[in-house]
Amino acid sequence: MDGVPVFEQTSTDPTLPSDLDDAAHRCLVAGFDGTRGVPDELKRLVDRGLGGVILFTRNVRDAEQVRRLTGELRAVRPDLLVGIDNEGGGIGHLVGAGAPEVPGSFALGVVDDPGLTARCADALAGHLASLGITVSYAPVADLQHHPRNPIVRTRSFGAEPALAARHLRAWIAATERRGVASCAKHFPGHGGTETDSHHGIAVDPRSYDELRADLEPFRAAVDAGVPMLMSAHVVFPALDPERPATLSRRILGDLLRHELDFDGVLVSDALEMKAIADRYGEAAGARIALAAGADQVIVAVPDLEVTLACRDAVLGALRSGVLAEERLWEAAGRVRRLAGRYAVTDGVVGGWDAGAGLEAARRAVRSRPVPSAVRGAHVVDLFPPPHPALNWGGEDLLSEVRAVDPAATGTAVAGEPADPAAVADGILRASGDAPLVVGTCDAGLHPWQERLRAALLARRPDAVRVDTGLPEGGALCSYGRGRVNLRALAEALAGG
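Below, the structure is looked at part by part. Computed from a prediction, not measured in an experiment: that's the story for all the values here. (Residues numbered from 1 in each chain as written. Predicted model: local features only at pLDDT ≥ 70, side-chain atom pairs only at ≥ 80, totals over all residues. Heavy atoms only, no water.)

Quick notes on the pairing of strand E2 (residues 52-55)
Rule in force here: Think of it in three bands: with a 1.4 Å probe and only protein chains considered, a residue is buried below 20% of the maximum accessible area for its type, exposed above 50%, and partly exposed in between. Under the scheme used here, helices are H or I runs from DSSP no shorter than 4 residues and strands are E runs no shorter than 2 residues, and both carry numbers assigned from the N terminus. Here, strands pair whenever DSSP counts at least two bridges between them. By the criterion used throughout, a crossover qualifies as right-handed when its path from the first strand across the helix to the second strand runs clockwise, the strands pointing away from the viewer.
Here E2 shows two buried faces, one formed by Gly52 and Ile54 and the other by Val53 and Leu55. Here two bridges tie strand E1 (residues 28-30) to E2, and the two strands are oriented parallel to one another. By the bridge assignment, valine 29 is partnered in E2 with glycine 52. On the question of chirality, the crossover connecting E1 to the parallel E2 by way of helix H2 (residues 40-47) is right-handed. In this sheet, strand E3 (residues 81-84) lies alongside E2 in parallel orientation, the contact comprising four bridges. Across the sheet, the residue bridging to isoleucine 54 is glycine 83, located in E3. Handedness of the crossover joining E2 and E3 through helix H3 (residues 63-76): right-handed.

Shown next as structure tokens:
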């Protein structure tokens, strides 16, 4: 019938055996829109075997609503995997559902207390389990060693392989004890690029010998029994000069499966990211990734037509023989084993340490000298606009300073102003004789912050400098912009 969507025309592909059709669907993870229930078209995909769904802020109103949503999803098929990005810090989608407040990984690496990292990971995983979410696309195993890397930064535990490895082990073990599947990402490492793969093709030009250090955290994760890894949309010419890791047999097969001996589920990063979508298209990306050795591909956009196009490309490749049936059986088998371990929660979730995150954030801030208390200050918070693919809960430094020092005033500047000179003049007029605090976030990546900071310091050399991203130039640093990062920084400034 004209106008009937393809997913309503048949319950299975009539040209493929029903079990192979089911296997193809197991290899897909879909995003969707809304908080009020499961769309009918998504239910039909789940009926055909869809392997998993990924939730985002757009699916979250409050905790009880999320529980109803995950319950409704599992009522369609109990072994459906329900996942979410849940790294802590400013990267997460469950603010509305009362997520535990923990700092990002870099602050945990600064503190370097794996027991405390485990307590933070346990809080995040316990909260997930209480909501019926049992796949956590975390932790980040990338090493942050390129100063101009735009996407890893404070999401990483740090630059040292051994440090990252011990915190990955702590995180993975804590998450596993909650019955939640962790997923170390982004294999074989996104920390050596100058491009964010959300926005374009990223290339890491280093030699294989230089890349080996980036593999060590992933080796540690595999040795710790991590059930999932996520691939990077990054080209590594020393490993495969043609294709990004997500689409490379050499990287997913020879390196990951054979050298690292990983037999868990390898899931792709989202296919709509421009590193894949602009060069290959999502549908071709799905087909190539599965042929290269991925077990699941994520299509995170809420438009299910994109997911259907990816599904149809996979089914077409099976019919034509371009994608081997044996490869799909292998991938679907891994997904089914994962679902057997993690798809269904046991319904009993114990409490967690709600104070672990603030303890970690405080210890990170106080890992370097803290200036004398600055009360009644005018606080300037300069930071880039929120990343379009990652949640931003509206955190700002001024709000956290005023929570501990109500006399404080301030100015938040989120993104490059049209008239920086006028902004600087306005800040200096508003601050008057009050102490001035000037905060930046990764100013080295955002020259407008450097210029505005320099204009302020030229006229107020007594100003206190703080950083809310990676440390720069000896300023007091929070090592991240999660709410607890900023609260700990605020306490240090106000002498609390």
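More follows now that the structure is in view.
Side note on the sheet that holds strand E14 (residues 378-383)
Adjacent strands of a sheet form backbone hydrogen bonds with each other and so pair up, either parallel or antiparallel. So the rule is basically this: Contact definition: two residues touch when any of their heavy atoms are within 4.5 Å. To define axes, lines are fitted to C-alpha atoms, for helices over the stretch in contact only, and angles between the resulting N-to-C directions are given on a 0 to 180 degree scale.
Spatial ordering of the open sheet is given by E15-E14-E16-E17-E18, a layout of five strands whose pairing is parallel. Each of the sheet's edge strands pairs with one partner strand only, and the pair in question is strand E15 (409-414) and strand E18 (476-477). Of the strand pairs in this sheet, strand E16 (residues 436-440) and strand E17 (residues 464-467) are connected by four bridges, and their pairing is parallel. When the bridges of E17 are listed, threonine 440 appears paired with aspartate 467. Here helix H15 (residues 420-431) sits on the sheet and contacts E14, E15 and E16; the angle it forms with E14, its principal contact strand, is near 155°.

Observations concerning the nonpolar core
For clarity, the cut-off: Among the buried residues, those of types Ala, Val, Leu, Ile, Met, Phe, Trp, Tyr and Cys that are joined through side-chain atoms within 4.5 Å form a nonpolar core.
Judged by nonpolar contacts, the single largest core of 102 residues is most densely connected at Leu42, Ile133, Leu229 and Leu318. Ranked by residue count, the leading element in this core is helix H5 (residues 114-131), at nine residues. Sequence-distant contacts of leucine 42, defined by excluding residues within four places in its chain, comprise Ala30, Phe32, Leu50, Val53, Leu73 and Leu304. With 21 residues, the next largest nonpolar core counts Tyr137, Met228, Val265 and Ala343 among its residues.

Some thoughts on the sheet that holds E1
Pairing is parallel around the closed barrel formed by eight strands, whose spatial order is E1-E2-E3-E6-E7-E9-E12-E13. Sheet topology note: the strand E6 (residues 135-136)/strand E7 (residues 181-187) ladder contains two bridges and is parallel. By the bridge assignment, serine 136 is partnered in E7 with serine 182.

Digging into helix H12 (residues 325-342)
The condition is simple: What a helix is expected to span follows from its residue count: subtract one and scale by 1.5 Å.
For H12, spanning 18 residues, the distance from its first C-alpha to its last is 26 Å, which sits close to the expected 26 Å at 1.5 Å a residue. Inspection of H12 places Arg327, Leu328, Ala331, Ala332, Gly333, Arg334, Val335, Leu338, Ala339 and Tyr342 among the buried residues, and these make up the whole buried set.

Considering the pattern of salt bridges
How we decide: When a carboxyl oxygen of Asp or Glu lies within 4 Å of a side-chain nitrogen of Lys or Arg, that pair is called a salt bridge.
All chains considered together, the criterion is met by 41 salt bridges. Put simply, arginine 483 and glutamate 101 hold a salt bridge, and the shortest N to O gap is 3.5 Å. Taken together, the residues arginine 483 in helix H17 (residues 483-494) and glutamate 101 in the loop between strand E5 (91-92) and helix H4 (105-111) connect sequence positions 382 residues apart. Residue class for glutamate 101 comes out partly exposed when judged on its relative accessible area of 39%. Across the pair aspartate 295 and arginine 327 runs a salt bridge, and its minimum N-O distance is 3.0 Å. With aspartate 295 in the loop between helix H10 (282-292) and strand E13 (296-299) and arginine 327 in helix H12, this residue pair connects regions lying 32 residues apart in the sequence. Relative accessible area serves as the criterion here: at 11%, arginine 327 is assigned to the buried category. Salt bridges linked by common partners bring Arg257, Asp263, Asp295, Arg327, Glu330, Arg334 and Arg337 together as one network.

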